[in-house]
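Structure at a glance
Listed below, chain by chain, are the residues.
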Amino acid sequence: MSGTFGRTVTAVTLLAAVLLLWTSMAAPAAQAPRIAIIIDDLGYHLAAGRRAVNLPGPVACAVLPESPRAALLAKAAFAHGKDVLLHLPLQSMSQADSTEPGAIVLDMTRGEFAHSFARSIASVPHAVGVSNHQGSLLTQHPGHMGWLMQEIDAKGNLFFVDSYTTHRSIALNLARESGIPAVRRDVFLDSDRSPETLEREFERLKKLSRQRGMAVGIGHPYPATLEFLERELPKLAEQGFQLVGLREYLAQHADLRPVRNRAAGVEALHFASE
Ligand SMILES: [Zn+2]
């Protein structure tokens, strides 16, 4: 009796072990949903900039060109292992003509554009990517966006982030058609700086990340945002998310690498705007 019972137990144990092995082979652990965060508009306020640079994890630092603290903060961000972005001001719908340093405006010639871009990228050391500051007007213009992608492409090894300041932006698609790795911002975390908005938009970022596997959020160096991220970023891992650097993410993802024909570009754009 006990012998039969023992054999049964052994058989059941063996079966369970085989099943466990089979399921672990059939379903490898799913990759944690990923979140990338960018802090925009760095370069003017030193204390806030330093605090952004010190945020936990690979948070990207987007630095305004020719701003007083641009070089210092870009170097500090690089030293802290952050991805540094040139945060290039592009003319918006509300600016008749922007006086912001390094701003790209509609009435520039191709030569003026190239000269301005060269000065801007030189003023932000260690830049591995370019993102747009404002730009609700310029990101709708194929001509100027085409020039921008030519300049980015000519530098080599730069990626592009469409801050997506207008739903009419064509920048992401043009970047990919130009062979430049690119992503689009999904969520602005702090449009009105209130704790409720930060809470709500951060939850939305997580939800998008769970749905799609990846989501990109942008914040600004406001005290409320920095405090929020200092508190919340360290919790992401235990909540099942992976905070990733943009460069690393773009290097890994085949679906965000360049697409060189229009049909595939439209598909990629569709994927990104889901
Ligand atoms: Zn900005």
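Before going into details, it helps to say that this report is about the structure given with it. No experiment lies behind these values; they were computed from the predicted model shown.

Cut-offs used in this document
Note on numbering: residues in each chain are counted from 1, in written sequence order. Thresholds applied to this predicted model are a pLDDT of at least 70 for local features of residues and 80 or more for the giving and counting of side-chain atom pairs; totals over whole chains, interfaces and linings are not thresholded and use all residues. Side-chain measures here rest on the full set of heavy atoms in the structure, leaving out hydrogens and waters. For Na, K and Ca the donor cutoff is 3.2 Å, while for all other metals N, O and S atoms count as donors only within 2.8 Å; water does not appear among the atoms, so some sites may look incomplete. Secondary structure elements follow DSSP: runs of H or I no shorter than four residues count as helices, runs of E no shorter than two count as strands, and numbering proceeds from the N terminus. Any residue under 20% of the maximum accessible area for its type is buried, any over 50% is exposed, and the rest in between are partly exposed; the area is computed with a 1.4 Å probe on protein chains only. By the criterion applied in these results, polar contacts are pairs of N or O atoms within 3.5 Å in which, for protein atoms, one can donate a hydrogen and the other can accept it, and in which residues neighboring in sequence qualify only through two side-chain atoms. In this description, a nonpolar core means a group of buried Ala, Val, Leu, Ile, Met, Phe, Trp, Tyr and Cys residues linked to one another through side-chain atoms lying within 4.5 Å. Contacts are residue-level and defined by heavy atoms, with any inter-residue pair within 4.5 Å sufficient. Two strands form a pair only when DSSP identifies at least two bridges running between them. Here a pair means two rings of Phe, Tyr or Trp (six-membered ring of Trp) with centres within 6.5 Å. Their orientation is stacked below 30 degrees between planes, edge-to-face above 60, and tilted elsewhere. In this scheme, Lys NZ or Arg CZ marks a charge over a ring once it lies within 6 Å of the ring centre and within 35 degrees of the ring normal. Here the expected span of a helix is defined as 1.5 Å times the quantity of residues minus one. The arc refers to the directions leading from the helix axis to the C-beta atoms.

What follows covers the coordination of the zinc ion. The zinc ion binds to the protein through Asp-41 (OD), His-87 (NE2) and His-133 (ND1); the donor distances cover 2.1 Å. Between the donor residues of the zinc ion, the gaps in sequence give the motif D-x45-H-x45-H. Taken together, the residues span a long stretch of sequence, with Asp-41 in strand β1 (residues 34–42) and His-87 in strand β3 (residues 84–90) at a distance of 46 residues. A residue is classified by how much of its surface remains accessible, and Asp-41, at 24% relative accessible area, is partly exposed.

Let us now look at the environment of Glu-203. Along the chain, Glu-203 turns up in helix α7 (residues 195–212). Polar contacts involving the side chain of Glu-203 include one to the side chain of Lys-206, which spans 3.2 Å.

This part covers the nonpolar core. Ranked by size, the top nonpolar core spans 57 residues in total, and within it Ile-37 and Phe-160 carry the most contacts. Looking at which element gives the most residues to this core, the answer is helix α3 (residues 70–79), with 5 residues. If we ignore the near neighbours within four places in the chain, the residues touching Ile-37 are Val-59, Ala-60, Leu-189, Phe-202, Leu-205, Gly-217, Leu-229, Leu-233 and Leu-243. Membership of the second largest hydrophobic core comes to 16 residues, among which are Ile-38, Ala-60, Val-216 and Leu-250.

With that settled, the discussion passes to the pairing of strand β4 (residues 127–134). Extensive coverage of β4 is indicated by the burial of 7 of its 8 residues. Sheet topology note: the β3/β4 ladder contains 7 bridges and is parallel. Considered in β4, the bridge of Leu-85 is made with Gly-129.

Turning our eyes to something else, we now look at the packing of aromatic side chains. With the rule as written, the count across this model stands at 2 aromatic pairs. Aromatic side chains Phe-113 and Trp-147 sit 5.5 Å apart centroid to centroid with 80° between the ring planes, which places their arrangement in the edge-to-face category. With Phe-113 in helix α4 (residues 110–123) and Trp-147 in helix α5 (residues 142–155), the pair connects residues that are 34 residues apart, well separated along the chain. Between Phe-202 and Phe-228, the aromatic rings sit 5.2 Å apart at their centres with planes inclined by 85°, giving edge-to-face as the arrangement. Taken together, the positions of Phe-202 in helix α7 and Phe-228 in helix α8 (residues 223–232) put the pair 26 residues apart, joining distant regions of the chain. In this pair, the class of Phe-202 matches that of Phe-228, namely buried. Sitting above the plane of the Tyr-164 ring, Arg-184 keeps its charged end 3.9 Å from the centroid. Residue placement shows Arg-193 over the ring face of Tyr-222; its charged tip is 3.8 Å from the ring centre.

Next up on the list: unusual backbone geometry. Excluding glycine, a negative phi dihedral is what most residues carry, and trans is how most peptide bonds are arranged. You will see that Asp-41, though not glycine, has its phi angle at about 65°, which is positive. Although it is not a glycine, Glu-66 sits at a positive phi angle of roughly 55°. Secondary-structure assignment places Glu-66 in the loop between β2 (60–63) and α3. Take Glu-66: its relative accessible area is 32%, and that puts it in the partly exposed class.

Once that is clear, we can look at α5. In this model α5 runs 20 Å from its N-terminal to its C-terminal C-alpha over 14 residues, within 8% of the 20 Å that 1.5 Å per residue would give. Every buried residue of α5 is listed here: His-144, Met-145, Gly-146, Leu-148, Met-149, Glu-151 and Ile-152. Phi turns positive one or two residues past the end of α5, at Gly-156, with a value near 75°.

This part covers α3. Residues Ala-70, Leu-73, Ala-74, Ala-76 and Ala-77 constitute the buried set of α3. The buried residues of α3 occupy an angular sector of 165° when projected down its axis, which confines them to one face. In this structure, the buried side of α3 is in contact with α2 (46–53), β2, β3 and α4.

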